[in-house]
Amino acid sequence: MTPADLKTLVRTIPDFPKKGIQFRDITTLLGNGRGFAASVEWLADEVRGAEAIAGMEARGFIFGAAVSARLGLPFLPIRKSGKLPCQVIGVDYELEYGLDRLEMDPQSVSDGQQVAIVDDLLATGGTALAATALLRKAGARVSRAAFVIGLPDLGGSKRLADEAVDVRALMEFAGD
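What comes next is a walk through the structure. As the structure is a computational prediction, the values presented were derived from the model and not from experiment. (Residues numbered from 1 in each chain as written. Predicted model: local features only at pLDDT ≥ 70, side-chain atom pairs only at ≥ 80, totals over all residues. Heavy atoms only, no water.)

Glancing now at the overall build of the chain. A count of helical and extended segments in the chain gives six helices and nine strands. In terms of overall dimensions, the chain is globule-like: its C-alpha atoms have a radius of gyration of 15 Å, near the 16 Å expected for 176 residues. Structurally, the chain occupies a C-alpha span of about 40 × 35 × 30 Å along its principal axes. Here the chain, with 176 residues, has 43% of them falling under the buried criterion. (Helix = DSSP H or I, 4+ residues; strand = E, 2+ residues; numbered from the N terminus. Rg over C-alpha atoms; globule rule 2.2 N^0.38 Å. Buried < 20%, exposed > 50% of the residue type's maximum accessible area, 1.4 Å probe, protein only.)

Below, the structure written as structure tokens:
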């Protein structure tokens, strides 16, 4: 399936979660076996050469773990605060509506390990930037990130590029 074919599998829901937002829903893409497999294959090709794959809770777990399995690489879950039973390191970051925190087990990364980030959507880049900072704090080298959907008008890819992260998106949508 081509990227154009895959883009037709993403449902747009207007005015969610608030008026004026065009929500890009990947549920319909995940529900199409061929489409999901093609998306995972594309993401895997974009991050090939990494030594581990990181994905952010929750949808990043879906794509990141699948890419990790496809490439036979370790998967590094980047969790929301309070979800891990071990000693963690974390970073706080801003969202449109407040603050959030990401955490990880620092022992899951080897010093200097090349880690690629995989997630479903890149908008403003806040979560991906926080994950990059967290992984680097743990000793990883992060220079690549691949997303199913990019929203270039919201500036996330530029913000990641400013942090020396090469960004790839399977498909893009204008606006928000």
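Moving on to the pattern of salt bridges. Under the defined criterion, the tally for this structure stands at twelve salt bridges. D25 is the partner of R11 in a salt bridge, and the nearest nitrogen-oxygen pair spans 2.5 Å. Separated by 14 residues along the polypeptide, R11 in strand β1 (residues 11-14) and D25 in strand β2 (residues 22-25) bring together distant segments of the chain. One network of salt bridges, in which partners are shared, links E41, D45, R48 and R70. (Salt bridge = Lys/Arg side-chain N within 4 Å of Asp/Glu carboxyl O.)

Let's shift gears to the nonpolar core. Note that soluble globular proteins tend to have their nonpolar side chains buried in a common cluster. Judged by nonpolar contacts, the single largest core of 27 residues is most densely connected at I78, L102, M104 and L135. Elements supplying a minimum of two residues to this core: β3 (52-56), β4 (75-80), β5 (89-95), β6 (98-104), β7 (114-122), α5 (126-137) and β8 (141-150). The element best represented in this core is α5, accounting for six residues. Once residues within four sequence positions are removed from consideration, L135 is found in contact with A54, L76, I78, M104, V109, V115, I117, A140 and V142. (Core = buried A, V, L, I, M, F, W, Y, C linked by side-chain atoms within 4.5 Å. Contact = heavy atoms within 4.5 Å.)

Turning our eyes to something else, we now look at the packing of aromatic side chains. Under the definition given, this model contains three aromatic pairs. Between the aromatic rings of F16 and F23, the centroid separation amounts to 5.2 Å while the plane-to-plane angle is 85°, which identifies the pairing as edge-to-face. Taking the relative accessible area as the measure of exposure, F23 reaches 25% and is therefore partly exposed. Plain terms: the ring middles of F36 and F63 are 5.6 Å apart, the flat faces sit at 70° to each other, and that makes the pair edge-to-face. On the criterion of sequence distance, the pair formed by F36 in helix α3 (residues 33-47) and F63 in helix α4 (residues 59-71) is long-range, its members being 27 residues apart. (Phe/Tyr/Trp six-rings, centres within 6.5 Å; stacked < 30°, edge-to-face > 60°.)

A separate point is the pairing of β8. Here is the key point about a regular strand: its side chains alternate between the two faces of the sheet. Of all ten residues in β8, eight are buried; the element is thus mostly enclosed. Note that β7 and β8 share eight bridges and pair parallel. Paired with L121 across the bridge in β8 is I149. One crossover worth recording links β7 to the parallel β8 by way of α5, and it is right-handed. Handedness of the crossover is the feature at issue here: the chain leaves β8, passes through helix α6 (residues 156-161), returns alongside strand β9 (residues 166-172), and the resulting connection is right-handed. (Pairing = 2+ DSSP bridges. Right-handed = clockwise from strand over helix to strand, strands pointing away.)

Attention shifts here to the environment of D100. Mapping D100 onto the fold places it in strand β6. Given the relative accessible area of 26%, D100 is considered partly exposed. Put simply, D100 and G126 are 26 residues apart on the chain and 10.0 Å apart in space, counted from C-alpha to C-alpha. Ignoring anything within four residues of it in the chain, the contact list for D100 reads V91, D92, Y93 and L95.

This next bit is on the sheet that holds β8. Pairing is mixed in the open sheet, where seven strands are placed in the order β5-β6-β4-β3-β7-β8-β9. Both edges of this open sheet fall to β5 and β9, since each of them pairs with a single strand only. Adjacent strand axes in the sheet meet at a mean angle of 25° when their direction is disregarded. Here β3 pairs with β7 via three bridges, running parallel. Counterpart to I53 in the pairing with β7 is A116. (Axes fitted to C-alpha atoms, helices over the stretch in contact; angles between N-to-C directions.)

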